[in-house]
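If you want the building blocks of each chain, they are given just below.
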Amino acid sequence: MASHNDKGKWGELVAAEYLVKKGYSICHRNWRCGRRDLDIVALADGGEPLVVVEVKTRGNEEVMHPEDAVDPRKIRNLCIAAHTYVQRHQLDCGVRFDIITVVGDSEHYHVDHVEDAFLPPLGMRL
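Everything numeric here is computed off the predicted structure, so don't read it as measured data.

About the cut-offs
- Residues numbered from 1 in each chain as written.
- Predicted model: local features only at pLDDT ≥ 70, side-chain atom pairs only at ≥ 80, totals over all residues.
- Heavy atoms only, no water.
- Helix = DSSP H or I, 4+ residues; strand = E, 2+ residues; numbered from the N terminus.
- Buried < 20%, exposed > 50% of the residue type's maximum accessible area, 1.4 Å probe, protein only.
- Phe/Tyr/Trp six-rings, centres within 6.5 Å; stacked < 30°, edge-to-face > 60°.
- Core = buried A, V, L, I, M, F, W, Y, C linked by side-chain atoms within 4.5 Å.
- Contact = heavy atoms within 4.5 Å.

The next point concerns the environment of Pro 72. Tracing the backbone through its elements, the reader meets Pro 72 in helix α2 (residues 72–88). When its relative accessible area of 67% is taken as the criterion, Pro 72 is described as exposed. Pro 72 sits 48 residues away from Pro 120 along the chain, and the two C-alpha atoms are 9.8 Å apart.

Written out as structure tokens, the structure is:
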């Protein structure tokens, strides 16, 4: 496995642990819908809303801030996958999209959690 894949898996693990410490319940990690995937699907403390978390992991922020990698195409794909997730699990709850960035390495890193990072594009249902 390529080292960037290992770093991504590590970042997702860090993000999941962070969410659990904040009182979230993890429903799924790396949930797949064809070529699309949801890094983390969780429930906020209290059971609602359903939180879809995109995790971005970087060694540093020199090239690009990790959250800048969530472009309109990625947002559309996340929304399509989230819609499928809600339908397949027959859920009747609100959905929120968050971004968690993990920057650094296993010894020195920081986590940034952006709640309500984006809304689905106009006309797209969830």
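Picking up after the structure, the text goes on.
Scanning the entire structure with this criterion turns up 3 aromatic pairs. When the ring of Trp 10 is compared with that of Tyr 109, the centres are 5.3 Å apart and the planes differ by 90°; the resulting orientation is edge-to-face. One end of the pair, Trp 10, is in helix α1 (residues 3–21); the other, Tyr 109, is in strand β5 (residues 109–118), and 99 residues separate them in sequence. What makes Tyr 109 partly exposed here is its relative accessible area of 40%. Measuring from ring centre to ring centre gives 5.0 Å for Trp 31 and Tyr 85, while their planes differ by 80°; the resulting arrangement is edge-to-face.

Membership of the largest hydrophobic core comes to 17 residues, with the highest contact counts inside it found for Leu 38, Tyr 85, Phe 97 and Phe 118. Where this core is concerned, the elements lending two or more residues are β1 (25–33), β2 (36–43), β3 (50–58), α2 and β4 (95–104). Among the elements that take part in this core, α2 stands out by supplying 7 residues, more than any other. The residues touching Phe 118, leaving out its near neighbours within four places in the chain, are Val 70, Ile 75, Leu 78, Cys 79, Phe 97 and Ile 99. Counting residues in each nonpolar core, the second largest holds 13 residues, with Leu 19, Tyr 24, Ile 40 and Val 53 among its members.

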